[in-house]
Structure formats: structure tokens, C-alpha cells
Amino acid sequence: MRYLHTMVRVTDLDASLDFYVNMFGLVETRRIENEKGRFTLVFLAAPDDAADAKGAEGSRGRPTLELTYNWDPEVYTGGRNFGHLAYEVDDIYATCDKLMKAGVTINRPPRDGNMAFVRSPDNISIEILQKGPAKAPAEPWASMPNTGVW
């Protein structure tokens, strides 16, 4: 397992980048504009981690801060602006199976063989990502519905 990133939702991307990059000194390593989902993701790294974070695996090279800007205005309450922790695992299905057998609810099952979400006892959302290419869709995950929020 490897720590990947922390996601924070922002309401003003320009102001946030001014703070994190110009004032705080982080370096932008990757940007994703998703018109269908109506959001922008900006990954930032500490200067000493920036070269590795820009590597072949994008933000998976070194831990990064992911700024998520939703294009449609949204008011974040109850800590919703803090998004999630993210970890990369060797086998997403085995990890989710182990967690489920231990009584953990899989809030967003890995239907795509790539991504799942669970919550800690304190309701911190944790994203689990498959290392390397996504696994082929498989049951029971492929048809398992979402449970709650993540």
C-alpha cells in the first residue's frame, strides 16, 4: 500500500492556486478538466516531490494535494470541502473483500476494477485505487450498488 493524495474541494480555483502555489510554494504537477463531470482537478506537490509527481504515473509518483473545483457552485458544510485520503493497493478486489469481511461498508464498490471508497470510523472518506491498470470487472463488485455517501 502507498499513500497517494489528499483531496480538498475549493470554491475559487484561482484564489486557491494563488495561495497554494504563489504563497505556499507548491508546484502544479497535473491538471484534469472534465467537461462531462463539470469539474477541474489540479494536483500539487511540494517542490522536493514535484519531479517524481510529474512522472509516468502522474500524481501517483509522490504524495500530492488534489484541489477539486466543481464548476457548478456548491456550499460545503460539515467538512464536505475535505474530500478524501487515497491509497494505491496491489489488488483492489482482495483489499475490498478483506475490509468487507471485517465489517467495513464498501460505500462505492470497485465496479470498474479501479476505484472504491470506504469510510473510517470517524467518517473520513478513503479512496482505494488499483495499482497499475484496472482489473476486469468482476462479481460481486460489478453489480454491487453504492451505499451511503463517500
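I will try to describe carefully the structure that is included in this document.

Calculation rules
Residues numbered from 1 in each chain as written. Predicted model: local features only at pLDDT ≥ 70, side-chain atom pairs only at ≥ 80, totals over all residues. Heavy atoms only, no water. Pairing = 2+ DSSP bridges. Helix = DSSP H or I, 4+ residues; strand = E, 2+ residues; numbered from the N terminus. Axes fitted to C-alpha atoms, helices over the stretch in contact; angles between N-to-C directions. Contact = heavy atoms within 4.5 Å. Buried < 20%, exposed > 50% of the residue type's maximum accessible area, 1.4 Å probe, protein only. Arc of directions from axis to C-beta.

1. Things to note about the sheet that holds strand S2 (residues 27–34)
- Sheet architecture is open: eight strands sit in the order S2-S3-S4-S1-S5-S8-S7-S6, paired in mixed fashion. With partners counted over all chains shown, the strands left at the sheet margins are S2 and strand S6 (106–108), one partner each. For this sheet, the mean angle separating the axes of adjacent strands, direction not counted, is 30°.
- Sheet contacts for helix H1 (residues 13–23): strand S1 (2–10), S2, strand S3 (39–45) and strand S4 (64–70); angle to S3, the most-contacted strand, approximately 5°.
- The strands touched by helix H3 (residues 92–101) are strand S5 (82–89), S6, strand S7 (115–119) and strand S8 (125–130); relative to S8, the strand with the most contacts, the crossing angle is about 145°.

2. Details of H1
- Within H1, burial applies to Leu13, Ser16, Leu17 and Tyr20. Projected down its long axis, H1 shows its buried positions confined to an angular sector of 95°, all on one face. Relative to its buried face, H1 has exposed residues pointing more than 90 degrees away, namely Asp14, Asn22 and Met23.
- In this fold, the buried residues of H1 make contact with S1, S2, S3 and S4.
- Gly25 lies just past H1 and shows a positive phi near 100°.

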